[in-house]
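If you want the building blocks of each chain, they are given just below.
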Amino acid sequence: MMTPKEAISYIENYGWSTTKLGLERTKELLRRLDNPEKKLKFVHVAGSNGKGSTCAMLSSILTAAGYKTGLYISPYIQVFNERIQINGEYIPGERLAELTERVKKIADSMEDHPSQFELVTAIAIQYYYEENCDIVVLEVGMGGALDSTNAIDAPEVAVITNIGLEHTEYLGDTLEIIAETKGGIIKEGCTCVCYDGEPEVNEVIERICTERNVPLSIVDFSRIEPLGMSLDGQAFSYKNKASEGHLEDHTISYEGKKIACDEKIYEIPLVGPHQLKNASVVLEVINVLRNKGYAIDDEAIRSGFAKTSWPARFEVLSKYPIFILDGGHNPQCAEALIDSISNLLADEMPILILGVLADKDYGTIVDMMMPYADTFVCVTPNSDRALPGDKLAEFIQSKGAAAIAASNIPKGIETALDLSIAKNRDSDNCSFDYGKDIAASFGKPIIAFGSLYLAGAVRTDFMKVYKGWLRKICKSKRDSLSEKQRIEKSETICRTIFEMPEYQNAKTIMLYKWTKGEVKLDYLEKLNLDKAGKTFVYPLCIDKENMIAIEPGGAAQGKDSEAIWREGPFGIKEPNREMGREVLPEEIDMVICPLVGFDEYDNRLGMGGGYYDRFLPKCKKAKKIGVAFDVQELPTVPVEDYDVMLDDIITDKDTWM
């Protein structure tokens with residue numbers, strides 16, 4: 001039996017995994033699987049830009065309406081399983097392996113072996129069939145007529161999104177030829193919904209629909225009205241055709257704007273004016289499906305729009321500083337990105353992390369983005385077709401723009417973050433001062449753009465790099481305090497803790513031995529010289545993942561104190577396990593935890609080892625307190641699933657009342 005890793009390796013790494021247009025192999029593969037595609041219903045989506053967003057919104061709405069909905073997309077951003085989803089859940093690795101092993105036996109017996117994309121298409125369709133999907137949203141891989149997804153019969157709806165020049169070596173070098181290819185998914189028996197694009201594109205789609213006796217709806221973008229956009233998404237109203245010309249007294253108010261009573265108001269978490277046009281396409285598709293008998297009420301539309309998840313499309317990874325990830329990779333995507341920058345970033349010129357494929361029209365992309373970029377940080381995407389970052393930097397510099405090459409993608413992220421702060425302060429370094437509004441200390445926006453291969457790596461690496469960068473900032477501020485300041489502030493923190501009723505009532509308290517720059521807790525120990533019935537315990541890292549609590553001394557009472565302590569792997573004094581007593585987590589009443597950074601919501605940033613994150617959940621009855629100097633506060637600390645919330649964070653600005 002294949003493992004999931006072996007299945008993905010089989011699909012991706014063989015010599016035959018190249019682009020081969022044509023339907024014969026896919027149809028033969030599906031025939032040998034007993035034609036699962038003929039037992040499913042589809043919404044088939046082709047186009048140059050907006051396909052993925054359109055598919056994501058459609059899938060979310062259909063799922064919200066109660067339909068078991070398959071979603072087939074390409075390429076993936078982070079994990080292969082993204083390509084095959086049902087109701088927003090990726091195909092489990094075990095199911096992928098089991099289906100791949102079955103399809104492999106058929107594919108390997110075929111004289112003309114299927115390509116990578118053809119294999120995945122067959123695996124996905126078989127999965128949707130076996131899982132009894134009510135409907136499948138099927139995204140075309142490339143083109144339309146000869147794309148392997150076109151092995152299906154007439155779909156419920158054939159959707160044509162925005163069309164531009166792309167893959168000209170395969171699809172043709174004019175919009176008309178490309179539109180003809182995309183229009184190949186239109187079959188007699190379906191209904192076609194088409195994005196209102198260039199006139200020559202519309203003419204081709206209209207002709208194909210007439211020839212094949214297919215009803216056509218070209219989306220009317222005038223029916224959609226923006227109601228406001230932020231980094232979190234945007235709201236819009238959608239006008240029913242009958243609502244045109246409504247009188248003033250037949251309106252409602254939405255955030256100060258007058259909306260006709262029978263208009264619908266929706267919100268989507270996708271940013272950019274182009275996404276409103278994609279949403280218009282989605283609404284027209286939903287209207288067609290309703291007319292075909294699908295039960296999709298307004299609440300399902302509203303909920304589906306709001307829950308849409310589509311990563312790497314103007315996705316905000318951070319707000320301090322603003323860090324946006326966009327997988328755009330052609331001039332039309334650059335144009336959409338510029339629209340979003342103009343709408344959301346005002347006069348700010350972002351730092352642009354750019355990585356491109358050598359066979360893309362990166363020259364046009366650079367020309368378009370230069371007026372909107374402060375500095376380019378050039379990286380190499382994870383692809384054999386990638387243009388090396390240093391070559392891209394040289395190309396941009398030759399055009400008179402500022403460009404820096406980074407050795408790898410994590411280094412590119414860190415470089416951009418450092419530049420963001422330095423540029424904000426017109427300084428040559430990345431240190432900065434906190435004012436009353438510490439968020440204002442964070443710098444220029446950053447946008448990573450240029451390739452989906454870049455997007456996947458950025459999305460994978462960002463959180464680790466970002467948290468490391470935040471640690472660097474906090475440690476810099478912490479280390480800027482003088483020794484005298486650290487002692488005074490530490491004593492203030494210790495007095496505050498000492499006066500807390502929870503501390504006074506605690507019997508067993510877990511402290512830590514401080515290292516350079518940390519809050520010194522020795523004053524708290526001095527305040528309890530007689531210990532007053534208290535037991536102090538200290539953390540000991542016993543391996544790379546686990547921490548225990550030790551009461552130092554124990555049987556070693558009366559022996560030299562130096563023998564009780566030893567230097568741990570991080571330069572921190574730890575109790576000698578052999579000369580102390582292990583204290584179980586459930587015995588501990590209070591844990592005092594060191595922090596590198598924190599925010600106003602009591603989220604903590606540790607050193608990254610994760611020892612406390614694994615130990616704190618075991619201390620079920622303990623009051624969990626973090627200690628740090630006030631200068632270590634951040635506008636926000638990113639919270640991950642494994643993070644443990646603290647009950648309180650005490651700084652030198654706090655006093656117990």
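### Overview of the overall build of the protein chain
Helix and strand counts for the protein chain come out as 19 helices and 30 strands. Out of the 657 residues belonging to the protein chain, those deemed buried represent 54%. Expressed as a percentage of contacts within the protein chain between residues at least 6 apart in sequence, the contacts between residues at least 24 apart total 75%. Carbon together with sulfur atoms contributes 47% to the accessible area of the protein chain, which is approximately 28400 Å² in total.

### Here we look at the nonpolar core
Core analysis: the largest hydrophobic core is formed by 44 residues, its most contacted members being Ile588, Ile592 and Val627. Among the elements of the structure, helix H16 (483-498), strand E20 (508-510), strand E21 (535-541), strand E22 (547-552), strand E26 (590-594), helix H19 (611-615), strand E29 (623-627) and strand E30 (648-650) are those that each provide at least two residues to this core. Excluding its chain neighbours within four sequence positions, the residues that come into contact with valine 627 are Ile493, Ile497, Tyr512, Val519, Ile592, Cys593, Pro594, Leu595 and Ile650. Membership of the second largest hydrophobic core comes to 40 residues, among which are Ala56, Leu71, Ile73 and Val282.

### Brief notes about helix H3 (residues 51-64)
An ideal rise of 1.5 Å per residue puts 20 Å on 14 residues; H3 measures up with 20 Å between its terminal C-alpha atoms. In terms of residue burial, H3 counts as a mostly covered element, since twelve of its 14 residues are buried. Looking at the packing, one finds that the buried side of H3 touches strand E1 (42-46), strand E2 (69-72), strand E5 (135-139), strand E13 (264-268), helix H9 (273-291) and helix H10 (298-306). Downstream of H3 by one or two residues, glycine 66 has phi in the positive range, about 100 degrees.

### Thoughts on the sheet that holds strand E10 (residues 233-238)
Read across the open sheet, the three strands follow the order E9-E10-E13; overall the sheet is antiparallel. Lying at the two open borders of the sheet, with one neighbouring strand each, are strand E9 (224-230) and E13. On average, each strand axis in the sheet is tilted by 20 degrees relative to the strand beside it, whichever way the strands run. As defined by bridge partners, E9 adjoins E10 across six bridges and the pair is classed as antiparallel. If you follow glutamate 225 over to E10, its bridge partner there is serine 237.

### Observations regarding the sheet that holds E22
Here we have seven strands laid out as an open sheet, ordered E25-E22-E21-E20-E26-E29-E30, and mixed in their pairing. The open sheet terminates on both sides in strands that have one partner only, identified here as strand E25 (580-583) and E30. Taken pair by pair, the neighbouring strands of this sheet meet at an average axis angle of 30 degrees, ignoring direction. Where E20 meets E26, two bridges bridge the pair, whose relative direction is parallel. Within the sheet, the bridge partner assigned to isoleucine 509 lies in E26 and is methionine 590. Running at roughly 140 degrees to E30, H16 makes contact with E26, E29 and E30 of the sheet.

Calculation notes
Residues numbered from 1 in each chain as written. Predicted model: local features only at pLDDT ≥ 70, side-chain atom pairs only at ≥ 80, totals over all residues. Heavy atoms only, no water. Helix = DSSP H or I, 4+ residues; strand = E, 2+ residues; numbered from the N terminus. Buried < 20%, exposed > 50% of the residue type's maximum accessible area, 1.4 Å probe, protein only. Contact = heavy atoms within 4.5 Å. Areas by Shrake-Rupley, 256 points an atom, 1.4 Å probe, with all protein chains shown as cover. Core = buried A, V, L, I, M, F, W, Y, C linked by side-chain atoms within 4.5 Å. Expected span 1.5 Å × (residues − 1). Pairing = 2+ DSSP bridges. Axes fitted to C-alpha atoms, helices over the stretch in contact; angles between N-to-C directions.

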